[in-house]
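Close look at the chain arrangement
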Amino acid sequence: MRTPSASRPVHRPSRFLLLAASALVLAACSRPAPPEEPVRAVKLMTVGVGALQSQVEYAGEVRARVESRLGFRVAGKIVQRQAELGQRVKAGEVLAQLDPRDYQLAADSARAQLASATTQRDLAAADYKRYQTLKDQNFISGAELERRDATLKAAQATLDQARAQLSSQGNQATYTRLVADVSGVVTGIEAEPGQVVAAGTPVVRIAQDGPRDVVFAVPEDKVAQIAVGSDVAVRGWSGGAELAGKVREVAASADAATRTFQVKVAIEGSEVPPLGATVYARPKALSHAGVSAIKLPTSALRQEGQATAVWVYDAASSTVKSQVVQIATADGNDAVVAGGLAPGMQVVSTGVHVLSPGQKVTVYQPKTGGAAAAKAQTAPGNAALPAAPTDAPAAAAPAAAK
């Protein structure tokens, strides 16, 4: 009798096929080896010391040195306004007028009181003269004459008071006409006909003829460097010759809204910009032109955490390393480096965001000759792309290695 195991045939080749298939499946599931990082070509620049070119410039406005806000010296209703915005006026010219009827009536009343006081004084004078004659003839006592003298003096005082009252009322009537006391240009209208104004309320604003000032605002960290009498260069917004000015006044406190300090610069000359013109002021005290410093293009900077860093090239190992730098200010499109670099170092100027510490790089060599000319003819638009020269060699390096 045969056992089941003995009767079943053994197929050894099938086992080998199964093992081979399992090996292939395992090989297909394993991850391929990562490709080697390409050696990138970078543009380098040598750190050096250069002169700063930029200057601090503030936008300002041309204003009159003296600007008067004129108003009526009496209260009343405005019935006419002759002055218009931008109008040039001369001293003595009428700018506006109040309703004068109430003041004319008051002047008439004062005039009548003056006439009455004059009559009373004349009567007292005649009475005193008559009693003086009687006293000389010893018909009256001296006390009676003294009473007549006191009456005459009181009448004279009343007359003087009436005269003063009439003069005051006459002035009040004159004050209903607002007259320009200086020559200048009307720069503001603050009241209109039909409006009832109190005494002293500004009605017309006049910029007096004479010296002009340039007024601009500076931030708190710069105001301490600007002193009265320091030089300021002024140029017009629309061009023209540059004017020389001197700081005449620096505000003692900051503006409540902008927290800036107002600076007034006196300018003189035959070509002073008109009132209200926009100008640009460059204080010499804030100028850094000609100062030597290390400058880098902004394309060489990158952010490393909270610090600013650059890639420094090591020629011995052909690698780059990160170097933290301190930026002081800007000079046009360049950044002024205050620390972290020394003259003679080589830093990467473009493509800084695709590098890593210790990465091997090659120095970019610009193409010259016929190849560059042919490339320029086939792709003229590439000349406007600053990143193209850096990226092209980086992409071509792996192909050349293959």
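Residues numbered from 1 in each chain as written. Predicted model: local features only at pLDDT ≥ 70, side-chain atom pairs only at ≥ 80, totals over all residues. Heavy atoms only, no water.

In the nomenclature of an unreviewed UniProt entry, the protein chain is known as RND family efflux transporter MFP subunit of Acidovorax soli. Turning to the protein chain, the UniProt annotation filed under Sequence similarities (unreviewed entry) states: "Belongs to the membrane fusion protein (MFP) (TC 8.A.1) family." (UniProt positions renumbered as here; feature names shortened; annotations may be inferred.)

1. Section: the pairing of strand β17 (residues 278-283)
Summarising the sheet, strand β4 (residues 58-64) and β17 pair through four bridges and their orientation is antiparallel. Bridge pairing in β17 places Y58 opposite A281. Strand direction decides the pairing type here: strand β14 (residues 231-236) and β17, joined by five bridges, are antiparallel. Note that in β17 the partner of V232 across the bridge is P283. (Pairing = 2+ DSSP bridges. Helix = DSSP H or I, 4+ residues; strand = E, 2+ residues; numbered from the N terminus.)

2. Details of the sheet that holds strand β11 (residues 196-197)
In spatial order, the strands read β9-β8-β6-β11; together these four strands make up an open sheet with antiparallel pairing. The open sheet terminates on both sides in strands that have one partner only, identified here as β9 (177-179) and β11. As paired strands, strand β6 (residues 76-81) and β11 are joined by two bridges and run antiparallel to one another. Paired with G76 across the bridge in β11 is V197.

3. Let's talk about the sheet that holds strand β13 (residues 212-218)
In space, the six strands of this closed barrel follow the order β4-β13-β16-β15-β14-β17, with antiparallel pairing throughout. This sheet shows a mean twist of 45 degrees between the axes of neighbouring strands, independent of strand direction. (Axes fitted to C-alpha atoms, helices over the stretch in contact; angles between N-to-C directions.)

4. Comments concerning the UniProt feature "coiled-coil region" (unreviewed entry) in the protein chain
In this numbering, the UniProt entry assigns the feature "coiled-coil region" (unreviewed entry) to residues 145-172. End C-alpha to end C-alpha, residues 145-172 measures 41 Å, and it is 100% helix and 0% strand.

5. Notes on helix α4 (residues 142-174)
The periodicity of an α-helix, 3.6 residues per turn, causes residues three or four positions apart to be oriented the same way. In this model α4 runs 48 Å from its N-terminal to its C-terminal C-alpha over 33 residues, within 8% of the 48 Å that 1.5 Å per residue would give. For α4, every residue scored as buried is listed here: E144, L145, R148, L152, A155, L159, A162, L166, Q169 and A173. (Expected span 1.5 Å × (residues − 1). Buried < 20%, exposed > 50% of the residue type's maximum accessible area, 1.4 Å probe, protein only.)

6. Quick word on the environment of A64
Note on placement: A64 falls in strand β4. Separated by 144 residues in sequence, A64 and Q208 have C-alpha atoms that sit 6.4 Å apart. Contacts of A64, omitting those with residues within four sequence positions, involve A207, Q208, P211, R212 and L275. (Contact = heavy atoms within 4.5 Å.)

7. Quick look at the packing of aromatic side chains
Centre distance and the angle of the planes are the two values used to describe a pair of aromatic rings. Summed over the entire model, instances satisfying the criterion amount to one aromatic pair. Where Y58 meets F216, the ring centres are 5.8 Å apart and the plane angle is 10 degrees; that geometry is what we call stacked. With Y58 in strand β4 and F216 in strand β13, the pair connects residues that are 158 residues apart, well separated along the chain. F216 sits in the buried class, given a relative accessible area of 4%. Residue placement shows R148 over the ring face of Y131; its charged tip is 4.1 Å from the ring centre. (Phe/Tyr/Trp six-rings, centres within 6.5 Å; stacked < 30°, edge-to-face > 60°. Lys NZ or Arg CZ within 6 Å of the ring centre and 35° of its normal.)

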